[in-house]
Amino acid sequence: MPTHEIIISGFGGQGVLFLGEMLAQAAVREGLNTTWLPAYGPEQRGGTAYCTVVISDRPIASPVVADPSILIVLNRPSLDRFEDAVRPGGIILCDGTMVGRHVERTDVRLLNVPATAIAKELGSTRSTNVVLLGALLEAVPLLSLESIHAALEAKVTNPQARALNQAALKRGGREARESAGHA
């Protein structure tokens, strides 16, 4: 397995840290080495938040990610800040509903998913992050859906929220499959 270095960024309250935690917890369930490093301003809700996640089958020297192989952005300021950092050949996964501009790089793979619109259609924008998680796992099968489901089950105790997250995960995967078919 290659080492995946991921940056996830958005406004506080969009579930950026939660998304990172789900990736890290699922990786641990699969016996992989992982780190999760959150970073956020004092505002938390509404301010910029991001986290780094490193997943590997080898020892990880540092949780710091300077040139991610995967960038997940939930808003335009995050794309503005991190787009240039993605290594050539990497992936940029955008919430197309919130980003509002095109990725300027041509040396990366772009996956533009209207995650907020999909989450709203499913019943709550709180599942936007899980829509993106489903799209990521379809585009890059770095972890099994079973591990992600188990991590979600462990973290989300409300039955309605669990059902919403499971629907969001499936819908994100479907959106990524459909986008790949049109690329």
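It should be noted that the structure appears before, not after, this text.
Let me sum up the structure you'll find in this document. Every value quoted in this text rests on a predicted model; they were computed, and no experiment measured them.

1. A short note on the layout of surface pockets
Then, number 1: Taken as a whole, the largest pocket holds about 650 Å³ of empty space.
Then, number 2: G13, Q14, G15, F18 and R126 are the residues nearest the centre of the largest pocket, which is lined by 27 residues in total.
Then, number 3: Elements with a minimum of two residues in the lining of the largest pocket: α1 (16-29), α5 (128-139) and α7 (159-182).
Then, number 4: Counting residues per element, the lining of the largest pocket draws most heavily on α1, which supplies four residues.
Then, number 5: In terms of lining, the second largest pocket is formed by G134, L137, E138, P141, L143, L145, H149, L169, K170, G173, R174 and R177.
Then, number 6: Among the elements of the structure, α5, α6 (145-155) and α7 are those that each provide at least two residues to the lining of the second largest pocket.
Then, number 7: Looking at which element gives the most residues to the lining of the second largest pocket, the answer is α7, with five residues.
Then, number 8: For the lining of the second largest pocket, a count of residues per class yields five nonpolar, three polar and four charged.

2. Remarks on the pattern of salt bridges
Then, number 1: Scanning the model with the defined rule gives 13 salt bridges in all.
Then, number 2: Where D80 meets R101, a salt bridge forms, and the shortest distance between an N and an O atom there is 2.7 Å. In this pair, D80 is assigned in helix α2 (residues 76-82) and R101 in the loop between α3 (96-99) and β6 (109-113), connecting sequence segments 21 residues apart.
Then, number 3: Its relative accessible area of 43% is what places D80 among the partly exposed residues.

3. As for the environment of C94
Then, number 1: Here C94 lies in strand β5 (residues 91-95).
Then, number 2: A sequence separation of 21 residues divides C94 from V73, and the C-alpha atoms of the two residues are 5.0 Å apart.
Then, number 3: Here C94 is in contact with V73, L79, V99, V103, L110, L111, N112, V113 and L132, once residues within four sequence places are set aside.

4. Describing the environment of R81
Then, number 1: As for its placement among the helices and strands, R81 is situated in helix α2.
Then, number 2: For the pair R81 and V65, spaced 16 residues apart in the sequence, the C-alpha separation amounts to 14 Å.
Then, number 3: Aside from chain neighbours lying at most four places away, what touches R81 is T48 and Y50.

5. Some words on the packing of helix α4 (residues 115-122) against α5
Then, number 1: Here α4 crosses α5 at 115°, and the two axes come no closer than 8 Å. Regarding α4 and α5, the two cross each other, and that crossing is right-handed. Across the interface between the two elements, A115, T116, I118, A119 and L122 of α4 pack against T128, V131 and L132 of α5.
Then, number 2: Split into classes, the residues belonging to the contact of α4 with α5 amount to six nonpolar, two polar and no charged.

6. Observations concerning the side chain of S9
Then, number 1: Within the secondary structure layout, S9 lies in strand β1 (residues 4-11).
Then, number 2: What makes S9 buried here is its relative accessible area of 0%.
Then, number 3: Filtering out sequence-adjacent residues up to four positions away, S9 remains in contact with V16, T48, A49, Y50, I72, V73, L74, N75, S78 and F82.

7. Remarks on the side chain of Q14
Then, number 1: Within the secondary structure, Q14 sits in the loop between β1 and α1.
Then, number 2: For Q14, the side chain forms a polar contact with the main-chain nitrogen of F11, separated by 2.6 Å.
Then, number 3: Within the local environment of Q14, its side chain forms a polar contact with the backbone oxygen of L74, the two atoms lying 3.2 Å apart.
Then, number 4: Residues contacting Q14, with those up to four places away along its chain left out, are L74, N75, M98 and N129.

Parameters at a glance
- Residues numbered from 1 in each chain as written.
- Predicted model: local features only at pLDDT ≥ 70, side-chain atom pairs only at ≥ 80, totals over all residues.
- Heavy atoms only, no water.
- 1 Å grid on protein atoms, 1.4 Å probe; cavity = no way out; pocket = protein on both sides within 12 Å on 5 of 7 lines; lining within 4 Å.
- Points joined across faces, edges and corners; volume = space filled by probe spheres on them.
- Helix = DSSP H or I, 4+ residues; strand = E, 2+ residues; numbered from the N terminus.
- Nonpolar A, V, L, I, M, F, W, Y, C, P; charged D, E, K, R; others polar.
- Salt bridge = Lys/Arg side-chain N within 4 Å of Asp/Glu carboxyl O.
- Buried < 20%, exposed > 50% of the residue type's maximum accessible area, 1.4 Å probe, protein only.
- Contact = heavy atoms within 4.5 Å.
- Axes fitted to C-alpha atoms, helices over the stretch in contact; angles between N-to-C directions.
- Left-handed = near helix turned anticlockwise from the far one by under 90°.
- Polar contact = N/O pair within 3.5 Å; in protein donor to acceptor, adjacent residues only side chain to side chain.

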